[in-house]
4 protein chains.
Amino acid sequence: MFLDKLHHIKGIILDIDGVLTDATVLVTETGEQLRRFNVRDGYAMQLAVKRGFKVCSISGGKSKSVVLRLNSLGITDIHLGIDKKLDVFNSFLEQHALNAGEVLYIGDDIPDVPVMKIAGAAACPADAAEEVKAVSMYISPKVGGAGCVRDILEKLLKVQRKWFDAEPSAHDDSIPSA
Amino acid sequence: MFLDKLHHIKGIILDIDGVLTDATVLVTETGEQLRRFNVRDGYAMQLAVKRGFKVCSISGGKSKSVVLRLNSLGITDIHLGIDKKLDVFNSFLEQHALNAGEVLYIGDDIPDVPVMKIAGAAACPADAAEEVKAVSMYISPKVGGAGCVRDILEKLLKVQRKWFDAEPSAHDDSIPSA
Amino acid sequence: MFLDKLHHIKGIILDIDGVLTDATVLVTETGEQLRRFNVRDGYAMQLAVKRGFKVCSISGGKSKSVVLRLNSLGITDIHLGIDKKLDVFNSFLEQHALNAGEVLYIGDDIPDVPVMKIAGAAACPADAAEEVKAVSMYISPKVGGAGCVRDILEKLLKVQRKWFDAEPSAHDDSIPSA
Amino acid sequence: MFLDKLHHIKGIILDIDGVLTDATVLVTETGEQLRRFNVRDGYAMQLAVKRGFKVCSISGGKSKSVVLRLNSLGITDIHLGIDKKLDVFNSFLEQHALNAGEVLYIGDDIPDVPVMKIAGAAACPADAAEEVKAVSMYISPKVGGAGCVRDILEKLLKVQRKWFDAEPSAHDDSIPSA
């Protein structure tokens, strides 16, 4: 079911805290917030961008660290301080001329639920809120910040035959070195 | 028993280290202390404030990072460097005209025990000290800093029918967007 | 056996990395090293100092963060950059007129082994090196930086009836507030 | 099989993210990336250098923190921002007049696969990518940044009888104090 849905996906929207991070913020004595990202997630995100997927990230938070990390992976469409994720979802569809069924959404908490109910494919980390699990087509065995995005994007790329072949053939010219 | 007690709760007092954090401090070479907070805890704390609960935080430590993090969640009643938590508890009752039975206390270590024995509802994370578990009405399956506050506040808000409905109805005008 | 040995302990020597910390260092781009300490460990260490135990810390590393953290807990006898821990052990005995049998040593890795073989009581975290476990009288179920020092010092203080009573009686005047 | 291969090893190549670290980066609001290293890994790496092994580290990333950490362990041959790890592998062989069968490679993700297929011994952490596990002769029970390098180097040094003896004999003059 979930794998079937992935065949049609052209766009990816990722929640940040609890999906790309481990749901914690490390706070300094001046109030700076540090977030923990996973490099194996990053590897799959970079590859998805190279493969031509439209990738966007939405967060209720406002941390600049998020922008800097995502930019380094080739993701520039980042929406911070978002109250209503549905608005960003609709703009994303319009901007890229996609319909809802062509978008994969990965979220972990209640503000993600309205979008997850209409996205073409909805997935979440193992430690997502119960309300999110209830509307997810796929619950990754990995928790947020520890490979759930890698796990889900790897499934997407493999279904569409766009994952790295560990043993690339001479014909596989389009595969970027990474 | 614990759920019954929650019906009467109007005020919430949260210990910081080991409850809102994972009981660790990350120390820089200049002695700055960084603390790790959980965003899913933060979500429930923000909601509790919006729902009208009086929320207060007490710590034996003195880290400014705590103040900055809690302020960002709408919590301004913060007591640091507290030796006797019972004094703060009594001031809290007086300030908000509450009785002890109307307060939920979440603690994890021995200095929390005296207050937990008289609070209306007492709960702790899975990794609390044995002495604390012995006086807790509810031991969360989650450890400190990894969702124990979310777990407990979610129970409180659900019992009082103040939790977010994942599918809010048109009648639910009082639910803030988050 | 281990508990019997604890009756005679008057001094405590703690290794730092992997015992007081989780055996990791977080490295910034300028080479600063941040270390993670546990506040529940800190609580027991403060109490041990107040109860009159001589407490000393030894490390092969040289991080200032260690000094700042330990000072805040009342521990001032700190030896960094130590190649031969046995030398510090002998100085510690001389300085406090203790014999080896009166010292509890907590270590986690091979450089700790020579001292652990002659200390009155030797204990280690659950994730210590095999060589260390082989010479430990007690292996804590807790790992380094996640409560192994709390677990071991709690045993020491309880055996000597110097642990906090969760319900202090009126006669217990010597118990400091904490 | 893996242990047999270790008899011939003279050089060691270590991937960084996910092998020497826990596969996460902690990002500050100015974009600085902090990486978490394990001191027990560091102990084994220092010992390998002292025992005369050629040690080199390769990463696709570019963080200066890596250089500073590795330098402090006596490792100066560090290659950052590497797209094709095979090129570095070949240079390493040439520089030290080694053949591929004399090199142990520890990696965790897809860019490591081509080198791992030709190295004399290939090992990975418990949380490596499936493609990496498929070409590893040994999968450590430890995850990246939590002792997998210690586990693997300890095996190497023990097989070659170069590991620290916890009880060094008088004949063991070449063992450095550490």
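Residues numbered from 1 in each chain as written. Chains lettered and ligands numbered in written order. Predicted model: local features only at pLDDT ≥ 70, side-chain atom pairs only at ≥ 80, totals over all residues. Heavy atoms only, no water.

Asks: I keep staring at the overall build of chain A and nothing clicks. Help me out?
Replies: In terms of helices and strands, chain A carries 7 helices and 8 strands. For 178 residues, the compact-globule estimate of 2.2 N^0.38 gives 16 Å, and chain A sits close to it at 16 Å. Counting only C-alpha atoms, chain A reaches 55 × 35 × 30 Å along its principal axes. Considering chain A as a whole, with its 178 residues, one finds that 58% of them fall into the buried category. Residue pairs in contact within chain A that sit at least 24 positions apart in sequence constitute 56% of those at least 6 positions apart. Accessible surface computed for chain A: about 6,900 Å², of which carbon and sulfur atoms make up 51%. In chain A, which carries 21 positive and 24 negative side-chain charges, the distance between the mean positions of the two groups comes to 3 Å. (Helix = DSSP H or I, 4+ residues; strand = E, 2+ residues; numbered from the N terminus. Rg over C-alpha atoms; globule rule 2.2 N^0.38 Å. Buried < 20%, exposed > 50% of the residue type's maximum accessible area, 1.4 Å probe, protein only. Contact = heavy atoms within 4.5 Å. Areas by Shrake-Rupley, 256 points an atom, 1.4 Å probe, with all protein chains shown as cover. Lys, Arg positive; Asp, Glu negative; His and termini not counted. Charge placed at Lys NZ, Arg CZ, Asp CG, Glu CD.)

Asks: How do you make sense of the interface of chain B and chain A when you look at a structure like this?
Replies: How big an interface is tends to be stated in terms of the accessible area lost upon association of its parts. Residue-level contacts link 26 residues of chain B with 27 residues of chain A. Summing both sides of the interface, chain B and chain A together bury roughly 2,300 Å²; the carbon and sulfur share of this comes to 51%. Counting across the chain B and chain A interface gives 5 salt bridges. Among the salt bridges present, the one from A:E131 reaches B:K158, with a minimum N-O distance of 3.9 Å. Remark: the boundary between chain B and chain A carries 11 residue pairs in polar contact (both at pLDDT 80 or more). Elements with a contribution of two residues or more to the side of chain B that touches chain A: β3 (33–38), α2 (39–50), α3 (64–72) and α7 (148–159) of chain B. (Buried area = accessible area lost by both parts, 1.4 Å probe. Salt bridge = Lys/Arg side-chain N within 4 Å of Asp/Glu carboxyl O. Polar contact = N/O pair within 3.5 Å; in protein donor to acceptor, adjacent residues only side chain to side chain.)

Asks: I'm lost on the relation of the copies chain B and chain C in this one. Help?
Replies: Both copies of the chain are placed relative to one another by a rotation about an axis and a shift along it. With an axial shift of 0.0 Å and an RMSD of 0.0 Å, the rotation relating chain B to chain C amounts to 90 degrees. The symmetry that links the two subunits is that of a four-fold axis. Proximity to the rotation axis, assessed at the C-alpha, singles out B:L26 in chain B; its C-alpha lies 6.3 Å from the axis. Little of the interface of chain B is mirrored in chain C: 15% of its interface residues are interface residues there too. (Least-squares fit on C-alpha atoms with pLDDT ≥ 70 in both.)

Asks: Help me understand the environment of A:D151, please; the structure alone is not making it clear to me.
Replies: All names here are of chain A. Counting through the fold element by element, D151 comes out in helix α7 (residues 148–159). D151 sits in the buried class, given a relative accessible area of 14%. The sequence separation of D151 and D41 amounts to 110 residues, and the corresponding C-alpha distance is 7.9 Å. Not counting residues up to four positions away in its chain, the partners in contact with D151 are Y138, S140, P141 and K142. A polar atom in the side chain of D151 sits 2.7 Å from the side chain of Y138.

Asks: I tried to follow the relation of the copies chain B and chain A on my own but got confused; where do I start?
Replies: Rotating chain B by 90 degrees and moving it 0.0 Å along the rotation axis overlays it on chain A with an RMSD of 0.0 Å. When the interface residues of chain B are mapped onto chain A, a mere 15% of them again fall at the interface, so the copies present different faces.

Asks: I'm lost on the packing of aromatic side chains in this one. Help?
Replies: Inspection of the entire model under this criterion finds 7 aromatic pairs over all chains. A centroid spacing of 6.0 Å and a plane angle of 25 degrees characterise the contact between A:Y43 and A:F164, whose relative ring orientation is stacked. Pair noted here: A:Y43 is in helix α2 (residues 39–50) and A:F164 is in the segment after α7, with a separation of 121 residues, a long-range link. Comparing A:Y43 with A:F164 shows no difference in burial state: the two are buried. Taken together, a centroid distance of 5.0 Å and an interplanar angle of 10 degrees make the contact between B:F2 and B:Y138 stacked. Taken together, the positions of B:F2 in helix α1 (residues 2–6) and B:Y138 in strand β8 (residues 138–139) put the pair 136 residues apart, joining distant regions of the chain. With a relative accessible area of 6%, B:F2 lands in the buried category. Of the residues examined, B:Y138 reaches a relative accessible area of 16% and is grouped as buried. Positioned above the aromatic ring of B:F164, the side-chain terminus of B:R51 is 5.7 Å from the ring centre. (Phe/Tyr/Trp six-rings, centres within 6.5 Å; stacked < 30°, edge-to-face > 60°. Lys NZ or Arg CZ within 6 Å of the ring centre and 35° of its normal.)

Asks: Can you help me understand the environment of C:G147 in this one?
Replies: Residue and element names in this part refer to chain C. With respect to the helices and strands, G147 occurs in the loop between β8 (138–139) and α7 (148–159). Residue G147 is classed as buried on the basis of its relative accessible area, which comes to 8%. Sequence separation between G147 and N38 is 109 residues; the distance between their C-alpha atoms is 6.6 Å. Once you skip the residues sitting within four places of it in the chain, G147 turns out to touch N38, D41 and K142.

Asks: Looking at this model, I keep getting lost on the pattern of salt bridges. Mind explaining?
Replies: Side-chain pairs of opposite charge can arise where the charged atoms are in close proximity. Residues and elements named next belong to chain D. The final tally for this structure, using the stated rule, is 56 salt bridges over all chains. Here D112 ties to K85 by a salt bridge, and the two come within 2.7 Å at their closest N and O atoms. One end of the pair, D112, is in the loop between β6 (103–106) and α5 (113–116); the other, K85, is in helix α4 (residues 85–96), and 27 residues separate them in sequence. As far as burial versus exposure is concerned, D112 and K85 are alike and both buried.

Asks: Sorry, what's going on with the packing of α2(B) against α7(B) here?
Replies: For any two helices packed against each other, the geometry comes down to the angle between their axes and how far apart the axes lie. All names here are of chain B. Where α2 contacts α7, the two axes come as close as 7 Å, and the packing angle between them is 35 degrees. Every pair of crossing elements has a handedness; the one defined by α2 and α7 is left-handed. In this structure, α2 contributes R40, D41, Y43, A44, M45, L47 and A48 to the contact, and α7 contributes C148, V149, R150, L153 and L157. Residues of the contact of α2 with α7, tallied by class, amount to 9 nonpolar, no polar and 3 charged. (Axes fitted to C-alpha atoms, helices over the stretch in contact; angles between N-to-C directions. Left-handed = near helix turned anticlockwise from the far one by under 90°. Nonpolar A, V, L, I, M, F, W, Y, C, P; charged D, E, K, R; others polar.)

Asks: I would appreciate a short explanation of the sheet that holds β3(B) in the present structure.
Replies: Pairing between the strands of a sheet is mediated by backbone hydrogen bonds and can be parallel or antiparallel. Read around the closed barrel, the 8 strands follow the order β2(A)-β3(A)-β2(D)-β3(D)-β2(C)-β3(C)-β2(B)-β3(B); overall the barrel is antiparallel. Within the sheet, the average angular offset between the axes of one strand and its neighbour, ignoring direction, is 30 degrees. When strand β2 (residues 24–27) of chain D meets strand β3 (residues 33–38) of chain D, the two strands line up antiparallel, connected through 2 bridges. Each bridged residue has a counterpart across the sheet, and for D:V27 the counterpart in β3(D) is D:Q33. In the packing of helix α3 (residues 64–72) of chain A onto the sheet, contacts are made with β3 (33–38) of chain A together with β2 and β3 of chain D, and the angle to β3(A) comes to roughly 30 degrees. (Pairing = 2+ DSSP bridges.)

Asks: Quick question: what am I supposed to make of the interface of chain B and chain C here?
Replies: Counting residues at the interface gives 27 residues for chain B and 26 residues for chain C. Contact with chain C buries surface across chain B, with B:L26, B:V27 and B:E29 losing the most and accounting together for 29% of the total. Inspection of the chain B/chain C interface yields 5 salt bridges. Linking C:R36 and B:D22 is a salt bridge whose minimum nitrogen-to-oxygen distance equals 3.8 Å. Inspection of the region where chain B meets chain C yields 11 residue pairs in polar contact (both at pLDDT 80 or more). For the side of chain B that touches chain C, the secondary-structure elements that each account for two or more residues are β2 (24–27) and β3 of chain B. Of the residues forming the side of chain B that touches chain C, the biggest block, 4 residues, is contributed by β2(B).

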